[in-house]
Amino acid sequence: MEQQSTTDGTTKISGRRVEFDYLRAFVVVLVVWHHAILAYAAFSYINPENPIKTFSPVVDSRRWAGFDLMAGFNDTFFMALMFFISGLFVWRSLVRKGIGKYLSDRLIRLGIPFVLGVLIFIPLAYYPAQLTVEAVYGGETSFVDFWLGMARAGFGTAGPLWFVWLLLVFDCMAALIYRFTNQSDGGSGQRTISVFERPLAFFATLLVISTVAYMPLVLVFGPLEWIGIGPFVAQASRLLFYLVYFLAGTAVGAYGIDRSLLKREGSLARRWWVWLPAGLISFAVMIVLIADGPPQLIDVVAFTVTCATLVFGLTSVFLRFATRSVGVLNSLAASAYGIYIFHYVFVTWLQYWLLGADLSAIVKAILVFIGTLMLSWGLTAALRRIPLVARVI
């Protein structure tokens with residue numbers, strides 16, 4: 001996100017489409033909510049033999065099955081949407097900065113938070129998992145010993161920061177594509193107009209390519225397997241799937257956002273009332289169709305259809321309604337990246353401190369969500385007053 005920090009600590013978003021900044025912030029808020037509810041989902045568990053290899057660092061005895069449905073809903077589309085948004089302004093940045101400056105800026109903005117996150121934030125976020133296991137099975141491990149154990153094991157997880165390193169890889173791939181095409185306008189021939197200007201044509205193209213990218217990997221690895229080395233891990237079945245969404249956003253940005261299907265007052269924005277309900281209906285159908293056991297062809301198609309439809313649905317809503325700049329939303333949008341980087345520490349510790357509270361799972365999740373959002377937002381806003389920090393987050 002290209003932002004300019006002012007002397008009062010607010011952010012001026014220059015040359016941007018505010019609806020995409022707000023959409024990006026909305027997805028980050030969904031990520032915070034997603035992690036806030038995992039401790040209270042019925043399917044959550046802790047691996048007592050290795051707390052790092054666990055679904056959620058904290059698992060509460062209070063559960064609510066409704067959170068399973070919410071978590072499944074988010075997981076269907078929100079990271080694909082994040083990669084799509086992240087790709088939209090890549091080509092314009094490459095044209096303006098050149099490959100060298102673009103990559104150095106991305107290395108600073110993505111690389112520094114990832115390294116600090118792996119070394120500091122993620123160990124802090126996972127330490128409550130160790131404390132929870134020891135409360136049941138006994139033992140007493142200091143944070144220093146826990147950190148050293150993670151270091152000796154090669155920091156086997158990056159938590160939510162997997163998105164950051166993978167986005168940096170995708171950015172490098174986009175720069176490589178730019179190097180060998182080197183077309184500032186991305187090409188605007190008649191053959192591409194029907195795809196990039198017509199929502200249905202683009203939707204169909206994205207759906208076919210993403211399905212082809214997702215199908216072989218999910219059939220080989222299954223939908224839940226994570227692979228990688230050290231902290232560089234990602235969901236195996238979705239590596240190419242996310243790349244497709246990132247490159248789709250990059251292609252739209254190269255073609256020209258203001259003359260594409262994402263233009264203001266375009267048919268996608270006008271027909272939000274079709275796309276959003278279609279996304280919700282497709283998710284309901286997917287829940288009915290997907291069966292237990294190894295993924296089948298129908299499961300793959302149901303997932304990719306649901307993801308694409310929800311991505312279009314939410315994008316259309318923000319194109320239609322997020323047309324004015326609002327102060328508090330500008331602050332949230334400016335802090336969204338920092339919220340993503342910091343939130344997991346607040347999530348897990350708030351969940352840990354609420355373990356003994358005599359509250360329902362729903363109340364606990366809401367408290368964790370609100371507390372995490374406010375704390376990570378406030379921390380980011382405060383840190384962004386430091387010019388060098390503002391360059392990064």
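Keep in mind that what you see is a predicted model, and the values were worked out from it rather than measured.

Cut-off values and rules
Residues numbered from 1 in each chain as written. Predicted model: local features only at pLDDT ≥ 70, side-chain atom pairs only at ≥ 80, totals over all residues. Heavy atoms only, no water. Pairing = 2+ DSSP bridges. Helix = DSSP H or I, 4+ residues; strand = E, 2+ residues; numbered from the N terminus. Phe/Tyr/Trp six-rings, centres within 6.5 Å; stacked < 30°, edge-to-face > 60°. Buried < 20%, exposed > 50% of the residue type's maximum accessible area, 1.4 Å probe, protein only. Lys NZ or Arg CZ within 6 Å of the ring centre and 35° of its normal. Polar contact = N/O pair within 3.5 Å; in protein donor to acceptor, adjacent residues only side chain to side chain. Contact = heavy atoms within 4.5 Å. Axes fitted to C-alpha atoms, helices over the stretch in contact; angles between N-to-C directions. Parallel < 35°, antiparallel > 145°, perpendicular 65-115°, else oblique. Left-handed = near helix turned anticlockwise from the far one by under 90°. Nonpolar A, V, L, I, M, F, W, Y, C, P; charged D, E, K, R; others polar.

**Student:** Hey, could you go over the pairing of strand S3 (residues 226–229) for me, with residue numbers and the actual values?
**Tutor:** Of the strand pairs in this sheet, S3 and strand S4 (residues 232–235) are connected by four bridges, and their pairing is antiparallel. Bridging across to S4, isoleucine 227 finds its partner in alanine 234. Joining the antiparallel neighbours S3 and S4 is a turn of two residues, in which glycine 230 adopts a positive phi near 60°.

**Student:** Tell me what's going on with the packing of aromatic side chains, and back it up with residues and numbers.
**Tutor:** Within a pair of aromatic rings, the relevant descriptors are the distance that separates the centres and the angle that separates the planes. Per the stated rule, a full pass over the model turns up 40 aromatic pairs. Each ring, one from phenylalanine 203 and one from phenylalanine 312, has its centre 5.3 Å from the other, and the planes form 80°; the classification is edge-to-face. Separated by 109 residues along the polypeptide, phenylalanine 203 in helix H8 (residues 199–221) and phenylalanine 312 in helix H12 (residues 297–321) bring together distant segments of the chain. Comparing phenylalanine 203 with phenylalanine 312 shows no difference in burial state: the two are buried. Here tryptophan 349 and tryptophan 353 contribute two aromatic rings whose centre-to-centre distance is 5.6 Å and whose plane-to-plane angle is 45°, an arrangement assigned as tilted. You can see tryptophan 349 and its partner tryptophan 353 sitting in helix H13 (residues 327–353), four residues apart, about one turn around the helix. Judged by relative accessible area, tryptophan 349 falls into the buried class, the value being 18%. Connected via pairs of aromatic rings, a cluster forms that spans Phe83, Trp162, Phe163, Phe170, Tyr214, Trp226, Phe241, Tyr242, Tyr245, Phe246, Phe303 and Tyr340. The ring centre of tyrosine 255 lies 4.1 Å from the NZ or CZ of arginine 259, which sits over that ring.

**Student:** For the side chain of serine 56, give the residues involved together with the corresponding values.
**Tutor:** By the element assignment, serine 56 lies in the loop between helix H1 (18–38) and helix H2 (66–88). In terms of polar contacts, serine 56 uses its side chain to reach the backbone carbonyl oxygen of valine 58, at 2.9 Å. Filtering out sequence-adjacent residues up to four positions away, serine 56 remains in contact with Leu38, Ala39, Tyr45, Ile46 and Gln351.

**Student:** Explain the packing of helix H3 (residues 90–97) against helix H4 (residues 99–137) residue by residue, including any values.
**Tutor:** Where H3 contacts H4, the axes come no closer than 7 Å and their chain directions differ by 125°. By the angle class used here, H3 and H4 are oblique. Here H3 runs over H4; the crossing is right-handed. Across the interface between the two elements, Val90, Ser93, Leu94 and Lys97 of H3 pack against Ile99, Lys101, Tyr102 and Asp105 of H4. Of the residues assigned to the contact of H3 with H4, the class counts are four nonpolar, one polar and three charged.

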